[in-house]
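# Structural characterization, general
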Amino acid sequence: MPYKHGRPVIDLSIFFRTASAWCFYMVFPVAMLVDFMQHFTSYKHRWRIYDIPRAITVANHTTLLDPVKIAGLPLPRMINQTLLEGTVEFPVLGTFTRLLGGVPIPRGKTGYRKILEICRRAFKYRRFLHFYPEGELFLYNQEIKEFKTGAFRIAAELDIPVVPLVTVFSEGPFRAWSFWGRSLPIETLVILEPVYPSKYIRRDEDGEISSESIKDFAEAVRQIMQKEINRRGGTNVFYRGQMKRIKGLND
């Protein structure tokens, strides 16, 4: 059960899938309660994913509990979420995160290909594979950073949509940091319309997907997400900068 570099990134055995379901449904209610107590988490337009048979989902990475609210999106189904390979290799914690749906992104520029190789089979069991394309956690940020392109290349290769999810923060009824105000934001996870790769993807003379068109695809999705944050008046007053990585765990 422990993951090591070079092994399949998703364990599709019936034993692991059964253990994963047991672990998830025991842990998730407690984790979601903690998230709600901190941020009063709510969802908008969840219905937009109901009729999508399979998709890549992407979101801005803004809190340590992001994986919890993402996991709550397709309930009662489960969702696979990508994370750094180093986290999954960590003793005990690595196995635990995999049981909860964690999918390691192998090191190197072609790491996404190892995910792509197993995606077609994995989508038979779970409809969504989630990415945080900023690649880092920016605490309570509302200015989305430039996206890495791996998630969008997988969507293009499989010809499936990308569903943007955006976390929008608000201060609540009182000014942040005032006597009655909050020190943590209230968060809303907004599900946006799916974006299909065919609108952006171009192929070269050899029939290969153009890297530039993948970048265009990623940037278009980033702009759609940023526009939604701006439209809803997302506040950046709680922003605390990029979260430092922990040596040996996610460095």
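Just above sits the structure.
Just so it is clear, the model here is predicted, and its values are computed rather than measured. (Residues numbered from 1 in each chain as written. Predicted model: local features only at pLDDT ≥ 70, side-chain atom pairs only at ≥ 80, totals over all residues. Heavy atoms only, no water.)

## Observations concerning the nonpolar core
Among soluble globular proteins, nonpolar side chains are generally buried collectively. Heads up, the condition is: For this analysis, a nonpolar core means a set of buried residues of the types Ala, Val, Leu, Ile, Met, Phe, Trp, Tyr and Cys, connected via side-chain atoms within 4.5 Å. Throughout, exposure labels follow a simple rule: accessible area from a 1.4 Å probe, protein chains only, divided by the maximum for the residue type, with under 20% read as buried, over 50% as exposed, and the rest as partly exposed. Helix and strand definitions follow DSSP, with helices as H or I runs of at least four residues and strands as E runs of at least two, each counted in order from the N terminus. Contacts: residue pairs with any heavy atoms within 4.5 Å of one another.
Formed by 40 residues in total, the largest nonpolar core has its most connected members in I56, V58, F152, I154, F217 and V221. Where this core is concerned, the elements lending two or more residues are β2 (55–59), α5 (111–122), β5 (128–131), α6 (150–158), β7 (162–170) and α7 (211–231). When residues in this core are grouped by element, the largest group, seven residues, is from α7. The residues contacting F152, other than those within four sequence positions of it, are V58, P133, F147, V162, I214, F217, A218 and V221.

## Some points on helix α1 (residues 14–39)
Rule in force here: What a helix is expected to span follows from its residue count: subtract one and scale by 1.5 Å. Given a residue, its bend is the angle between the two axes fitted to the seven residues that end at it and to the seven that start from it.
With 26 residues, α1 ought to run about 38 Å at 1.5 Å a step, and its terminal C-alpha atoms sit 36 Å apart, in line with that. Where α1 bends most, the angle comes to about 35°, and this point is F28, followed within four residues by the proline P29. For α1, the set of buried residues is F16, S20, C23, F24, F28, A31, M32, D35 and H39. Structurally, α1 contributes buried residues whose contacts are with β1 (42–44), α2 (66–71), α4 (93–99) and β8 (186–191). Immediately beyond the C-terminal end of α1, within one or two residues, lies F40, with a positive phi of roughly 50°.

## What about the environment of I186?
Note on placement: I186 falls in strand β8. For I186, the contacting residues outside a window of four places in its chain are H39, F40, V168, F169, S170 and G172.

## Focus on the packing of aromatic side chains
Where two aromatic rings form a pair, the distance of their centres and the angle of their planes describe that pair. In plain terms, the rule: Side-chain rings of Phe, Tyr and Trp (the six-membered ring for Trp) are treated as a pair once their centres are within 6.5 Å; stacked means planes under 30 degrees apart, edge-to-face means over 60, and tilted covers the remaining angles.
Summed over the entire model, instances satisfying the criterion amount to nine aromatic pairs. Relative to Y25, the ring of F24 lies with its centre 5.1 Å away and its plane at 80°, an arrangement referred to as edge-to-face. Since its relative accessible area comes to 42%, Y25 is described here as partly exposed. Both rings, one in F147 and one in F152, keep their centres 5.9 Å apart while their planes meet at 20°; by these two values the pair is stacked.

## Remarks on unusual backbone geometry
Cis peptide bonds are those with omega within 30 degrees of zero, and the linkage from L75 to P76 qualifies with 10°. Locating P76 in the fold gives a position in the loop between α2 and β3 (80–84). In this structure, D159 is a non-glycine residue whose phi angle is positive, near 55°. Inspection of the secondary structure puts D159 in the loop between α6 and β7. In this structure, W177 takes a positive phi of about 75° despite not being glycine. Positionally, W177 belongs in the loop between β7 and β8. A relative accessible area of 52% means that W177 is categorised as exposed.

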